[in-house]
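Now for the letters of each chain:
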Amino acid sequence: MRTVGVVGGGLMGAGIAFSVATKMDCKVVLREVSANAVSAAKQRFDGMVQRAAKKGTPAELTDKWVSRMQYTTELDAFSQADMVVEAVFENLELKRKVFADLDRIVPAPKLLCSNTSGISISMIGGATQHPERVIGTHFFNPVSVMKLVEIVTGLATSQETIAAARSFCEQLGKETILVRDFPGFVVTRIGQAMMAEAVRCLEQGVASAEDIDRGMRLGYNYPIGPFELIDLIGVDTELRVMQSMFEEMGETFRPSPLMKSMVAAGHLGRKSGRGFYEYKKAE
Ligand SMILES: NC(=O)c1ccc[n+]([C@@H]2O[C@H](COP(=O)([O-])OP(=O)(O)OC[C@H]3O[C@@H](n4cnc5c(N)ncnc54)[C@H](O)[C@@H]3O)[C@@H](O)[C@H]2O)c1
């Protein structure tokens, strides 16, 4: 593998780029939509590098990671990529458009992966001429810390593609589970139902966010509670995921009015400095 492409440099795209740059000896091409978005993605990547440096990673290593990165607004930059991971907003039409473009630019049978949290891989693959090379690689946040990748197969995904995706994840030091294409896969489906129910408890005044989080941490031994998790994921991203799950799976996932108001007010969680909790600075 000489070049790995990443489409989208938000929370997840920057995290995936960082994992690849730190674990694989190859170039990483990260594409964003505008010069501003490119500089935000670069800041995210550089922030992760600085945190590693503070923890004692030597400069020769962090310099190497930084030198592996190439930032661009051009999709054509992927023409030399050996594989591409997509991490744009959770929206079917947007993802189908990105995959149709990638399919033209990246010659088959090179691997095209989506980091979707729950959108159908068959529907994304259906926008391409080569759906057999389209697969879900669902990383978790923060990417460099979380061990799991859900590997999601669409109806047309080939065995070769599954093997290539597994090998990619192994090179990043991840553990994988294999999941058939179904809305929300496994982890999102179960996790979103829990988070949607937690938000309903809060809206109905059953308990405070702090107490709901404490309850789930102490009662179920969760490392963090549902509101801490939504703030970490991003309230906007979480709302998009719930919307898309609601469209496919119904009432359990109905997007919360409270979260809609929070997004409109810019309370997006850790990344904006305020969500269900307040943070000293945007993280
Ligand atoms: N946030 C999480 O905890 C989490 C966890 C697992 C999976 N996911 C999934 O990962 C994907 C990305 O989520 P995120 O949290 O990084 O979102 P985000 O909002 O932080 O970032 C999305 C980025 O995509 C960029 N983008 C939009 N259209 C683009 C295009 N055509 N080309 C290139 N870039 C484009 C945006 O400018 C933005 O920077 C979603 O599908 C989400 O469901 C998120």
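What comes next is a walk through the structure. Since we're looking at a predicted model, the values are computed, not measured.

What follows covers the environment of Gln-243. Inspection of the secondary structure puts Gln-243 in helix α10 (residues 235-249). Note on Gln-243: relative accessible area 31%, which makes it partly exposed. In this structure, the C-alpha to C-alpha distance between Gln-243 and Ile-124, residues 119 residues apart in sequence, is 17 Å. Within the structure, the side chain of Gln-243 is placed 2.9 Å from the side chain of Glu-247, a separation counted as a polar contact.

This paragraph deals with helix α8 (residues 209-220). The end-to-end C-alpha distance of α8 is 16 Å, a good match for the 16 Å that 12 residues give at a rise of 1.5 Å each. Every buried residue of α8 is listed here: Ala-209, Ile-212 and Asp-213. Buried residues of α8 fall within an arc of 100 degrees about the axis and therefore sit on the same side. Opposite the buried face of α8, by more than 90 degrees, sit the exposed residues Leu-218 and Gly-219. Considering only its buried residues, α8 is in contact with α7 (187-203) and α9 (226-233).

Moving on to the site of the ligand. As a matter of local geometry, the ligand sits amid 25 residues, with Met-12, Glu-32, Glu-90, Lys-95 and Ser-117 nearest to it. Asn-141 has a polar side-chain atom sitting 3.3 Å from an oxygen atom of the ligand. Protein chains bury 90% of the 830 Å² of accessible surface belonging to the ligand in isolation. Of the residues forming the shell around the ligand, the biggest block, 3 residues, is contributed by helix α4 (residues 92-105). Among the residues making up the shell around the ligand, the classes are represented as 12 nonpolar, 8 polar and 5 charged. Taken domain by domain, the makeup of the shell around the ligand includes at least three residues from each of domain 1 (3-180) and domain 2 (188-272).

The next subject is unusual backbone geometry. The residue after Ala-108, namely Pro-109, is reached through a cis peptide bond having omega 10 degrees. With respect to the element layout, Pro-109 can be found in the loop between α4 and β5 (111-114). The phi angle at Phe-185 is positive, at roughly 50 degrees, despite the residue not being glycine. The class of Phe-185 is buried, set by a relative accessible area of 4%.

The next point concerns the packing of aromatic side chains. For the structure on display, the rule yields 5 aromatic pairs. Each member of the aromatic cluster is reached from another via a ring pair, and the members are Phe-18, Phe-45 and Trp-65.

Another aspect to go through is a nonpolar patch on the surface. A grouping of Ile-177, Val-186 and Ile-190 is seen on the molecular surface, where their side chains present a nonpolar patch of about 250 Å² in accessible area. Structurally, Val-186 can be placed in the loop between β8 (175-180) and α7.

Looking now at the side chain of Asn-115. Looking at where Asn-115 falls in the secondary structure, it is placed in the loop between β5 and α5 (121-125). Those residues in contact with Asn-115, other than ones at most four positions away along the chain, are Met-12, Ile-16, Glu-86, Ala-87, Thr-137, His-138 and Phe-139.

A word on the pairing of β8. Here 6 bridges tie strand β7 (residues 148-153) to β8, and the two strands are oriented parallel to one another. In the strand pairing of β8, Glu-150 is matched with Ile-177. You can see the chain leave β7, run along helix α6 (residues 159-171) and come back into β8, and the turn it takes is right-handed.

Strand order in the open sheet formed by 8 strands is β3-β2-β1-β4-β5-β6-β7-β8, with mixed pairing between adjacent strands. The open sheet is flanked by β3 (69-72) and β8, the only strands paired with a single partner. Adjacent strand axes in the sheet meet at a mean angle of 25 degrees, parallel and antiparallel pairs treated alike. One ladder, built from 4 bridges, connects strand β4 (residues 83-86) with β5; its direction is parallel. In the sheet register, Glu-86 faces β5, and the bridge partner there is Ser-114. Helix α1 (residues 11-23) rests against β1 (3-7), β2 (27-31), β3, β4 and β6 (134-139) of the sheet, and its axis sits at about 170 degrees to β2. Of the strands in this sheet, β1, β4, β5 and β6 touch α4, which is tilted by about 170 degrees from β5.

Turning next to the packing of α9 against α10. Between α9 and α10, the shortest axis-to-axis distance is 6 Å and the interhelical angle comes to 100 degrees. Here α9 is positioned roughly perpendicular relative to α10, judged by the angle of their axes. Side by side, α9 and α10 meet where Ile-230, Asp-231 and Ile-233 of the first sit next to Val-235, Thr-237 and Glu-238 of the second. The class makeup of the residues in the contact of α9 with α10 is 3 nonpolar, 1 polar and 2 charged.

Thresholds applied
Residues numbered from 1 in each chain as written. Predicted model: local features only at pLDDT ≥ 70, side-chain atom pairs only at ≥ 80, totals over all residues. Heavy atoms only, no water. Helix = DSSP H or I, 4+ residues; strand = E, 2+ residues; numbered from the N terminus. Buried < 20%, exposed > 50% of the residue type's maximum accessible area, 1.4 Å probe, protein only. Polar contact = N/O pair within 3.5 Å; in protein donor to acceptor, adjacent residues only side chain to side chain. Expected span 1.5 Å × (residues − 1). Arc of directions from axis to C-beta. Contact = heavy atoms within 4.5 Å. Near = heavy atom within 4 Å. Areas by Shrake-Rupley, 256 points an atom, 1.4 Å probe, with all protein chains shown as cover. Nonpolar A, V, L, I, M, F, W, Y, C, P; charged D, E, K, R; others polar. Domains from an automatic or database assignment. Phe/Tyr/Trp six-rings, centres within 6.5 Å; stacked < 30°, edge-to-face > 60°. Patch = residues over 30% accessible without salt bridge, like charges linked within 9 Å, V, L, I, M, F, W, Y side chains within 5 Å. Salt bridge = Lys/Arg side-chain N within 4 Å of Asp/Glu carboxyl O. Pairing = 2+ DSSP bridges. Right-handed = clockwise from strand over helix to strand, strands pointing away. Axes fitted to C-alpha atoms, helices over the stretch in contact; angles between N-to-C directions. Parallel < 35°, antiparallel > 145°, perpendicular 65-115°, else oblique.

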